[in-house]
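Understanding the architecture of this molecule
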Amino acid sequence: MTLNTHPALPEFEYIRPATLAEASEFLSHNADTARPFLGGTDVFVRMRDGFILPKFLVDVKNLDGTNELRFDPQAGLTIGAAVNMNRVVASPDVRAHYPLLAEACRSVASYQLRTRATIVGNICNASPAGDTIGACLVFGGVLHIHGVNGLRQESLAAFFKGPGKTTLKPGDIVTAIHFPIPPKGCVGKYLKLGRNQLSDLAIVGVTALGCKDAICSSGYRFRLALASVAPVPLVPTEAETYLANHTVTAEAIQEAACLAAEACSPIDDVRGGARYRKQMVRNLSAKALTEVWKNLG
Ligand SMILES: Cc1cc2nc3c(=O)[nH]c(=O)nc-3n(C[C@H](O)[C@H](O)[C@H](O)COP(=O)(O)OP(=O)(O)OC[C@H]3O[C@@H](n4cnc5c(N)ncnc54)[C@H](O)[C@@H]3O)c2cc1C
């Protein structure tokens, strides 16, 4: 038997709606056979591998505002669904106010792939390994969604329901992600452990963001998000709370890193074992938090 290692893309019909309303209508009327797409870097690979076989692919790029990348000093940053990762990396506003987002985008595969891949596609794919999701979580991302009943907003923190599963319903199209103004003087870090430097998904990914915060008894607030160690991108809240309530020292950071590892429920797969993943969460969380802590001064 010969194994076909390069199967052809199955046939599909390309749909290019003129408006978001038209796109939502089409997607909801063809819920079992139609799928929205942006860069297609997940969709086409999954189609070629036979995991999904949509009859219609609905191109949601170029629809009302999805190409915008906008910063407002009062309101924050809005990244349209169709904005590719290289545009995010190159944006002076992102670099000045949300450098962690640019760092997370740069960790995704290669420059070539990032000319197609989008942050919103990374989120809607809902892989626990999505590299940009952690930065979106720690910056408090809010999704703008257009459905058959019009526009609504949803917190990213409540969006993920399982691997490949989200709160989206038939006809829903994420049009943008919005971030509030980040805490003053905040510092972030993304550490990705992969099998190689290019084009591999994370075995473990740790995102950390820290800032001064007089409300916390430690005087500091840290946010953490973990990739590839649970069915959904994970926020280890016990670790965050620990650092909010204990004087930040090397020992406190180690304790928080242990709490982050305890919060995980990783699986064994081709990239790494569950036990190894837990240990790497502890090590990388300690490393990321220490680096953020040092840079906070
Ligand atoms: C070679 C290669 C290397 C990769 N390396 C990495 C990596 O290192 N890190 C990483 O995180 N990812 C990686 N990926 C995965 C992929 O590139 C990312 O997940 C990317 O961000 C997806 O964005 P996209 O615009 O291409 O999404 P698409 O493929 O267009 O869509 C992704 C999913 O979201 C849905 N969707 C798309 N748009 C919308 C919308 N507006 N509303 C609702 N649902 C929508 C689609 O139906 C699909 O299920 C890699 C992929 C390849 C092929």
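Scroll up a little and you will see the structure.
Residues numbered from 1 in each chain as written. Predicted model: local features only at pLDDT ≥ 70, side-chain atom pairs only at ≥ 80, totals over all residues. Heavy atoms only, no water.

1. Description of the overall build of the protein chain
Tallying secondary structure elements over the protein chain gives eleven helices and 13 strands in all. In terms of overall dimensions, the protein chain is globule-like: its C-alpha atoms have a radius of gyration of 20 Å, near the 19 Å expected for 297 residues. Taken over the C-alpha atoms alone, the protein chain extends approximately 60 × 55 × 30 Å along its principal axes. Across the 297 residues in the protein chain, those meeting the buried criterion constitute 50%. In the protein chain, the share of contacts with a sequence separation of at least 24, taken over all contacts with a separation of at least 6, comes to 61%. If you sum the accessible surface of the protein chain, you get close to 14400 Å²; carbon and sulfur atoms cover 53% of it. Across the protein chain, the centroid of the 30 positively charged side chains sits 5 Å from that of the 26 negatively charged ones. (Helix = DSSP H or I, 4+ residues; strand = E, 2+ residues; numbered from the N terminus. Rg over C-alpha atoms; globule rule 2.2 N^0.38 Å. Buried < 20%, exposed > 50% of the residue type's maximum accessible area, 1.4 Å probe, protein only. Contact = heavy atoms within 4.5 Å. Areas by Shrake-Rupley, 256 points an atom, 1.4 Å probe, with all protein chains shown as cover. Lys, Arg positive; Asp, Glu negative; His and termini not counted. Charge placed at Lys NZ, Arg CZ, Asp CG, Glu CD.)

2. A word on the sheet that holds strand E11 (residues 187-193)
Each strand in a sheet pairs with its neighbour through backbone hydrogen bonds, running either in the same direction (parallel) or in the opposite one (antiparallel). Across the sheet, which stays open at both edges, the three strands sit in the order E11-E12-E13 with antiparallel pairing between neighbours. Whereas interior strands pair on both sides, the edge strands pair on one side only; in this sheet they are E11 and strand E13 (220-227). Taking each pair of neighbouring strands and ignoring which way they run, the sheet shows an average axis angle of 10°. As defined by bridge partners, strand E12 (residues 204-212) adjoins E13 across eight bridges and the pair is classed as antiparallel. Across the sheet, residue Thr-207 finds its bridge partner in E13, namely Ala-225. Lying over the sheet, helix H11 (residues 274-296) contacts E11, E12 and E13, oriented at roughly 30° with respect to E12. (Pairing = 2+ DSSP bridges. Axes fitted to C-alpha atoms, helices over the stretch in contact; angles between N-to-C directions.)

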